[in-house]
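The primary structure of each chain is shown beneath.
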Amino acid sequence: MKLIHLSDLHIGKRVNEYSMLEDQRYILTQIVGIIDEAKPDAVIIAGDVYDKPVPSAEAVALFDEFLFKLSKRNLQVFVLSGNHDSAERIAFASRLIEKSGIYMSPVYDGTVTPVTLSDENGELDVYMLPFVKPSHVRRFYEKDDIVSYTDAVRVAINNMNIDKNHRNLLITHQFVTGSSRCDSEEISVGDTDNVDAAVFDDFDYVALGHIHGPQNCGSERIRYCGTPLKYSFSEANHNKSVTVVELFEKGNLKVDTIPLTPLRDMKEIKGKYDEIMNRDFYEGTTYTDDYMHITLTDEEDIFDALGKLRIVYKNLMKLDYDNKRTRSSTIIKDAGDVENKSQIELFSDFYEMQNNQPMSDEQQNFVLELIEKIWEGQ
């Protein structure tokens, strides 16, 4: 049984106020091409289909187009709701859509009924457990001690009546303890949303969503496929891919990845303004089209740096400075005898506190001239 494992499409997402819809359309088209080449039996989308519970009309239309393309291929599709989705919206018309081989996860009601697939190695039971919190599960199992996320997922799994003679696959959307996170994910205070991987012992493969970096959780049997696109600069060094899982006889599986190439990558560069704007620096690179995070190391702010840099780097998303001023410890020094200090001394103290360095002679002379004009005749 060959499966394509996807998750966290986040359709409709905006990154630093840039719409990602064009990039998402491009990568979904690329994924359809990979599916045509790999010829899987099923495609899994493990949660966070959309970036918000009430997605835009454009986001819904794009996902509808993607699902329609998948429905035209001879395969099964499993769509799970994640923490960014509305479980009710994902579940809408699910019984009708199943006729096309597309299974939309229902709203969790205390029961999870598997979909059974068959091949030459026997039956594969596919369980879909949408994103759940302890309060979701506690409603249906009041007698169980459900305090943590691990408790919630364990109780939900224990009530699935799993046939251990079959191959069993779980699709879920949770944070497994020890997984590597990045800035674009929702993080609970104190990692209270942790789920212990031991709760998944009865499954031959666990297709996870929620974490944006592709990774195994202890073994390749429990895996995050990651996002198909980079959604923050904390993901700049990620290698995005599609996960391909082959389940043979029970206990035997193979996991591969197929790399994805985005329409525009996310890159970070750092240096002085003149260096970064030098033609020799950027010619021959893809930087001019990529989404950019530029960090300037100039000690003085560059006037309209964002506008000037965007002439070359048209998709500049983020601009920072790294210099003495930004590295300031912001420790307020003892101001001393403020009442007996002159205006230039007071301003010099303020400047040094803000910029972590003293004013130059040129700056002091400029401020003195301003002070003389302002206080002239007083």
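A brief report on the enclosed structure follows. (Residues numbered from 1 in each chain as written. Predicted model: local features only at pLDDT ≥ 70, side-chain atom pairs only at ≥ 80, totals over all residues. Heavy atoms only, no water.)

1. Notes on empty space enclosed by the protein
Condition: Of the grid points, spaced at 1 Å and generated over the protein atoms alone, those admitting a 1.4 Å probe that cannot get out make up cavities, while open sets with protein on both sides within 12 Å along at least five of seven lines make up pockets; any residue with an atom within 4 Å of a point is treated as lining. Grid points are joined across faces, edges and corners, and a volume is the space filled by probe spheres set on the points. Note on conventions: DSSP H or I runs of at least 4 residues are helices, E runs of at least 2 residues are strands, and numbering of each starts at the N terminus.
One pass over the structure, following the stated rule, counts one cavity of 30 Å³ or more. Forming the walls of the largest cavity are Arg25, Leu28, Thr29, Leu62, Glu65, Phe66 and Lys69. Contributions of two or more residues to the lining of the largest cavity are made by helix H1 (21-38) and helix H2 (57-71). Looking at the lining of the largest cavity element by element, the count peaks at four residues for H2.

2. A few points about H1
What counts here: To estimate how far a helix should reach, multiply one less than its number of residues by 1.5 Å. The buried label goes to any residue with under 20% of its type's maximum accessible area, the exposed label to any with over 50%, and the partly exposed label to all in between, with areas taken from a 1.4 Å probe on protein chains only.
In this model H1 runs 25 Å from its N-terminal to its C-terminal C-alpha over 18 residues, within 8% of the 26 Å that 1.5 Å per residue would give. When we look at burial in H1, the residues that qualify are Leu21, Asp23, Gln24, Ile27, Leu28, Ile31, Val32, Ile34, Ile35 and Ala38. Lys39 sits one or two positions beyond H1 and adopts a positive phi of about 50°.

3. Regarding helix H9 (residues 305-312)
Short version of the rule: In this description, the arc belongs to the directions extending from the helix axis to the C-beta atoms. Contacts are assigned to residue pairs that have any heavy atoms within 4.5 Å of one another.
Within the span of H9, buried status applies to Ala305, Leu309 and Val312. All buried residues of H9 lie within an arc of 45° about the axis, which places them on one face of the element. Next to the buried residues of H9 lie helix H7 (273-276), helix H8 (279-282), strand S18 (291-296) and strand S19 (316-321).

4. Topic: the side chain of Asn315
To keep it simple, the criterion reads: Identification of polar contacts relies on pairs of N or O atoms within 3.5 Å, with a donor-acceptor requirement for protein atoms, meaning one able to donate a hydrogen and the other able to accept it, and with residues adjacent in sequence counted only if both atoms are side-chain atoms.
Looking at where Asn315 falls in the secondary structure, it is placed in the loop between H9 and S19. Looking at Asn315, its side chain comes within polar contact range of the main-chain oxygen of Asp289, at 2.7 Å. Residue contacts for Asn315: discarding those within four places in its chain leaves Tyr18, Arg264, Asp289, Asp290, Tyr291 and Met292.

5. A few points about unusual backbone geometry
Most of the time, phi is negative for any residue but glycine, and the peptide bond is trans. Of note in the backbone geometry, Asn16 takes a positive phi value of approximately 50° without being a glycine. Inspection of the secondary structure puts Asn16 in the loop between strand S2 (14-15) and strand S3 (18-19). Residue Asp48 is not a glycine yet carries a positive backbone phi of 55°. Along the polypeptide, Asp48 turns up in the loop between strand S4 (42-46) and H2.

6. With respect to the packing of aromatic side chains
Geometrically, a pair of aromatic rings is defined through the distance of the ring centres and the angle of the planes. How we decide: Side-chain rings of Phe, Tyr and Trp, where Trp is taken by its six-membered ring, are said to pair if the distance between their centres is within 6.5 Å; with planes under 30 degrees apart they count as stacked, over 60 as edge-to-face, and otherwise as tilted.
In this structure the tally under the stated criterion is seven aromatic pairs. Ring geometry for Tyr18 and Tyr291: centres 5.8 Å apart, planes at 75°, overall edge-to-face. You can see Tyr18 sitting in strand S3 and its partner Tyr291 sitting in strand S18, a full 273 residues away along the chain. The exposure class assigned to Tyr291 is buried, which follows from its relative accessible area of 2%.

7. Some details on the packing of H1 against H2
We count it as follows: Fitting a line to C-alpha atoms yields each axis, with helices limited to the stretch in contact; the angle taken between N-to-C directions then spans 0 to 180 degrees. For classification, angles of less than 35 degrees are called roughly parallel, those exceeding 145 degrees roughly antiparallel, those between 65 and 115 degrees roughly perpendicular, and all remaining angles oblique. For this scheme, ten residues count as nonpolar: Ala, Val, Leu, Ile, Met, Phe, Trp, Tyr, Cys and Pro. Four count as charged, namely Asp, Glu, Lys and Arg, and the remainder, Gly too, count as polar.
Running from N to C, H1 and H2 point in directions that differ by 10°, and their axes come no closer than 11 Å. When the interaxial angle is binned, H1 and H2 end up roughly parallel. Every residue of H2 that contacts H1 at Leu21, Gln24, Arg25, Leu28, Thr29, Ile31, Val32 and Ile35 is listed here: Glu58, Ala59, Leu62, Glu65, Phe66, Lys69 and Leu70. In terms of residue class, the contact of H1 with H2 is made up of nine nonpolar, two polar and four charged.

8. As for the side chain of Ser81
Mapped onto the secondary structure, Ser81 falls in the loop between strand S5 (76-80) and helix H3 (87-91). On the basis of relative accessible area, Ser81 is assigned to the buried category, the value being 2%. Leaving out residues up to four positions away in the same chain, Ser81 has contacts with Gly47, Asp48, Ala87, Ile90, Ser105, Pro130, Phe131 and His173.

9. Looking at the environment of Thr113
With respect to the helices, strands and loops of the structure, Thr113 is situated in the loop between strand S6 (102-104) and strand S7 (115-119). With relative accessibility at 66%, the residue Thr113 sits in the exposed group. Expressed as a C-alpha distance, the spacing of Thr113 and Tyr127, which sit 14 residues apart in the sequence, is 6.7 Å.

10. Structural notes on the nonpolar core
Put simply, the rule is: Buried residues of nine kinds, namely Ala, Val, Leu, Ile, Met, Phe, Trp, Tyr and Cys, make up a nonpolar core once their side-chain atoms join them within 4.5 Å.
Counting 40 residues, the largest nonpolar core has Ile11, Ile45, Phe63, Phe66 and Val79 as the members making the most contacts within it. Looking at this core, the elements that each hand over two or more residues are strand S1 (2-6), H1, S4, H2, S5, S6 and strand S15 (241-247). The residues contacting Phe66, other than those within four sequence positions of it, are Leu6, Leu28, Ile31, Val32 and Ile45. If you look at the next biggest cluster of nonpolar residues, it comprises 30 residues, including Val153, Val155, Phe175 and Ile222.

11. Regarding the pairing of strand S9 (residues 167-173)
Definition in use: Here, strands pair whenever DSSP counts at least two bridges between them.
Taking burial as the measure, the seven residues of S9 include seven buried ones, the bulk of the element. Covered by surrounding structure in S9 are Arg167, Leu169, Ile171 and His173 together with Asn168, Leu170 and Thr172, the residues of both alternating faces. The sheet contact formed by strand S8 (residues 122-129) and S9 spans six bridges and is parallel. Bridge pairing in S9 links Met128 to Ile171.

12. Remarks on the sheet that holds S8
Within a sheet, each strand pairs with its neighbour through backbone hydrogen bonds, oriented either parallel or antiparallel. Reading across the sheet, the six strands line up as S7-S8-S9-S12-S14-S13 and stay open at both edges, with mixed pairing between neighbours. The two strands at the open ends of the sheet, each matched to only one other strand, are S7 and strand S13 (215-217). Across this sheet, the average inter-strand angle for adjacent strands is 30°, counted without regard to direction. Where S13 meets strand S14 (residues 219-224), three bridges bridge the pair, whose relative direction is antiparallel. Paired with Asn216 across the strands is Arg223, a residue of S14.

13. Things to note about the pattern of salt bridges
As a reminder of what qualifies: Think of a salt bridge as a Lys or Arg side-chain nitrogen and an Asp or Glu carboxyl oxygen that are within 4 Å of each other.
One pass over the structure, following the stated rule, counts 17 salt bridges. One salt bridge connects Asp119 with Arg167, and the closest N-O pair in it is separated by 2.6 Å. Linking Asp119 in strand S7 with Arg167 in strand S9, this pair joins segments that are 48 residues apart in sequence. Under the relative-accessibility criterion, Arg167 is labelled buried at 2%. Its salt-bridge partner being Lys254, residue Asp256 comes within 3.7 Å of it at the nearest N-O pair. In the salt-bridge network here, residues are joined through shared partners; they are Glu22, Asp23 and Arg264.

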